[in-house]
Amino acid sequence: MIASQAAVRNIEADSIKADLAAEFDAVIIGAGVSGLYQLYKLRELGLKVRVFETGTGVGGTWYWNRYPGARFDSESYSYGYSFSQELLEEWNWAERFAPQPETERYLNYVADKFDLRRDIQCNSRVSAAHYQEETRSWDVTLEDGRRYCTRLLITAIGVLSAPTMPRIAGVETFQGQSCHTHYWPKVPVDFAGKRVAVIGTGATAVQTIPEVAKTAGHLTVFQRTPNWCAPLHNGKIGEEEMRRIRANYPDIFARCLETPGCFIHNPDPRATSEVTPEEREAFFEKLYAEPGFGIWQGNFRDILVDRKANALISDFVARKIRERVKDQAVAEKLIPKNHGFGTRRLPLETRYYEVYNQPNVELVDINETPIERITPTGIKTSDAEYAFDIIIYATGFDAITGSFDRIDIRGLDGRRLKDKWSAGPQTHLGILVEGFPNMLMVMGPHAGLGNFPRAAEYSVEWVTGLIRFARDRGLTRIEATPAGVAQWTDHVMALGEGLLANEIDSWMTGVNRNVEGKQVRRIMRYSGGHPVFRACCDAVAADGYRDLALA
Ligand code: NA7
């Protein structure tokens, strides 16, 4: 009896092994901006690749975040892929800052144009990935139990893709419609005449609030921390302008590669103290009147590192808020007091401040009157009970490492990535992790961030270069070394010193009060600027991938 049971188990084990035998050269998790391009590049190498995507379609961030008002804060023409001249010739951007439907269309167009879909498996959430040293491969499990085996595991899971609901009692008891902005339904939500609540005032809320306020019967915004915002100044792109953009693509992309954040905006070489107060004011006015992130990324070089300089731009924007909001008590609530301008990710807005002049919009400062609970009919604060038809949770993400934490990733000896990173991420170049051989992260923690596709294209190309190098030499095991990780982590930590943004709670410093263990600020991002990041990665590659353990 015992013997036959053992035999059955062996047969099962053998058949699992057979199923798992080197099914794929590479599994890519995520069919967003970086996953799509990674698939394209690995196909060029002739690899057998499978992309697993949770959504029913491609696009990642631009598939999920379909809330009203969702759009780029990067100039559209700086956001598209640069790798295909044909694609650049064919695609016309309709708006300076494309709305979500346009971007989702674009990414679907890319998937079709390059015939990517045949290797993309949608409706497939990866729940676990375990490294097997005997076969130098990864055993990947989907939420529905299906399992696959792959030599390489490539994470293309984004930076802001693990949404978080607020930890407020009674969320599940609400009887009306409610939704986190990330999981917005595909069918339009009708706000006409409805009583709507928005919780949160980050970049997402700042985009959605003016849209919802257009038709809502009454909109109540629950604000915990106001953010400094600046005007987006969106506009249509006509045929003539698109022709000019197309002719300028080489310059546009070259410029993006020169700037720290891969945006078209470069910091002004002057310090605030090097100009007269009149010149400074005129420069701030000019930036405030211009589209996009110029006021954040193209401002005087010291505003994000020098307290006095930062106070000057903060005062300027505070004055703008006071001018734009009629009720000065409301204006004061909207002006951040605990952090300076640009030290959190800058939300760009379209008539955000004017919304608070509308009779159907109300701002509730939940520091004064905390939310006690969500009730079946609405929201109860310490001061009042509000009735709502719809509650919108614009409460953000477990950023940067959150999407890794949600997959049971285990490396050598079953060690969990989540445990390894419990005190903060440790990587080599933001791409490799010691103890997790053959796992490569596209846009991982401690890698150069910024205008996403610009940074992602580089990451994908570097990862592809490493895979080509290993393949050409018959190497089947790629791992970071302790020395490489220590060196990179020290470098990233040192760069983070002196940056005002690293002294503030935000998703950029890994703080999310809705997630256990994420209350402590950490250096989560590479802040040496993308040109320096690329130089570091290029040097490693040029030196035969020094400091990596290849076998
Ligand atoms: P953010 O910028 O992290 O904003 C989340 C907002 O939700 C922020 O205002 C939070 O207040 C608020 N929040 C979170 N939890 C609560 C609770 N429990 N109660 C009240 N308010 C809460 O996320 P977004 O989605 O807006 O933007 C993320 C990025 O996506 C953005 O930067 C772009 O890069 C695209 P807090 O500030 O924590 O006090």
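Since the structure is predicted, the reported quantities are computational estimates derived from the model, not experimental observations.

### Let's talk about the packing of helix 9 (residues 277-289) against helix 11 (residues 307-324)
- Relative orientation of the contacting elements helix 9 and helix 11 amounts to 55 degrees, with a least axis distance of 11 Å. Classified by the angle between their axes, helix 9 and helix 11 sit oblique to one another. As for the relative orientation of helix 9 and helix 11, their crossing is right-handed in sense. Taking contact as the criterion, the partners of Arg280, Glu281, Phe284, Glu285 and Tyr288 in helix 9 are, on helix 11, Leu312, Ile313, Phe316, Arg319, Lys320 and Arg324.
- For the contact of helix 9 with helix 11, the class distribution of residues is five nonpolar, no polar and six charged.

### Remarks on the nonpolar core
- Formed by 130 residues in total, the largest nonpolar core has its most connected members in Trp93, Leu219, Tyr356, Leu440 and Trp462.
- No other element matches the eleven residues that helix 16 (residues 452-472) contributes to this core.
- Both domain 1 (2-58 + 116-162 + 399-550) and domain 2 (171-391) contribute no fewer than three residues apiece to this core.
- For Trp93, the residues in contact, after removing those within four places along its chain, are Phe72, Ser76, Tyr77, Gly80, Ala98, Glu102, Tyr106, Ile237, Met242 and Tyr249.
- In this structure, Ala129, Val140, Tyr148 and Ile407 belong to the second largest nonpolar core, which totals 22 residues.

### A closer look at the pairing of strand 16 (residues 390-393)
- Side-chain alternation along strand 16 places Ile390 and Ile392 on one buried face and Ile391 and Tyr393 on a second face that is also buried.
- Sheet topology note: the strand 8 (residues 195-199)/strand 16 ladder contains four bridges and is parallel. What sits directly across from Val198, in strand 16, is Ile392.

### Concerning the packing of helix 16 against helix 18 (residues 530-542)
- In the contact formed by helix 16 and helix 18, the axes pass within 11 Å of each other and the chain directions differ by 5 degrees. Put simply, helix 16 runs roughly parallel to helix 18. Facing Ala455, Tyr458 and Trp462 of helix 16, the residues of helix 18 in contact are His530, Phe533, Arg534, Cys537, Asp538, Val540 and Ala541.
- Looking at the contact of helix 16 with helix 18, its residues break down into seven nonpolar, one polar and two charged.

### Details of the site of the ligand
- Every one of the 20 residues lining the ligand counts as a neighbour, but Thr204, Arg224, Thr225, Trp507 and Asn514 are closest to it.
- Within the contact set of the ligand, an oxygen atom lies 2.8 Å away from a side-chain nitrogen or oxygen of Arg224.
- A distance of 2.4 Å separates an oxygen atom of the ligand from a polar atom in the side chain of Thr225.
- When residues are assigned to domains, the shell around the ligand turns out to be shared by domain 1 (2-58 + 116-162 + 399-550) and domain 2 (171-391), each giving three or more.

### A few points about the confidence of the model for the chain
- For the chain, the average pLDDT comes to 95, and 96% of its residues sit at 70 or higher.
- Taken element by element, the chain is modelled with least confidence in helix 1 (residues 2-20), mean pLDDT 38, and with most confidence in strand 8, mean pLDDT 99.
- Within the model, the stretch residues 1-21 combines pLDDT values under 50 with six contacts to residues more than four positions away or in other chains.

### Quick look at the sheet that holds strand 7 (residues 177-180)
- With parallel pairing, the five strands of this open sheet are ordered in space as 7-16-8-9-12. Of all the strands in the sheet, just strand 7 and strand 12 (361-365) have a single pairing partner and so form its edges. Neighbour-to-neighbour, the strand axes of the sheet open up by a mean angle of 15 degrees, direction not taken into account.
- By the bridge criterion, four bridges tie strand 7 to strand 16 in an arrangement that is parallel. Following the sheet pairing, Gln177 is matched in strand 16 by Ile390.
- Its contacts with the sheet put helix 7 (residues 203-215) on strand 8, strand 9 (218-223), strand 12 and strand 16, and the angle it makes with strand 9 is roughly 160 degrees.

Reading guide: rules and limits
Residues numbered from 1 in each chain as written. Predicted model: local features only at pLDDT ≥ 70, side-chain atom pairs only at ≥ 80, totals over all residues. Heavy atoms only, no water. Axes fitted to C-alpha atoms, helices over the stretch in contact; angles between N-to-C directions. Helix = DSSP H or I, 4+ residues; strand = E, 2+ residues; numbered from the N terminus. Parallel < 35°, antiparallel > 145°, perpendicular 65-115°, else oblique. Left-handed = near helix turned anticlockwise from the far one by under 90°. Contact = heavy atoms within 4.5 Å. Nonpolar A, V, L, I, M, F, W, Y, C, P; charged D, E, K, R; others polar. Core = buried A, V, L, I, M, F, W, Y, C linked by side-chain atoms within 4.5 Å. Buried < 20%, exposed > 50% of the residue type's maximum accessible area, 1.4 Å probe, protein only. Domains from an automatic or database assignment. Pairing = 2+ DSSP bridges. Near = heavy atom within 4 Å. Polar contact = N/O pair within 3.5 Å; in protein donor to acceptor, adjacent residues only side chain to side chain. pLDDT = per-residue confidence, 0-100.

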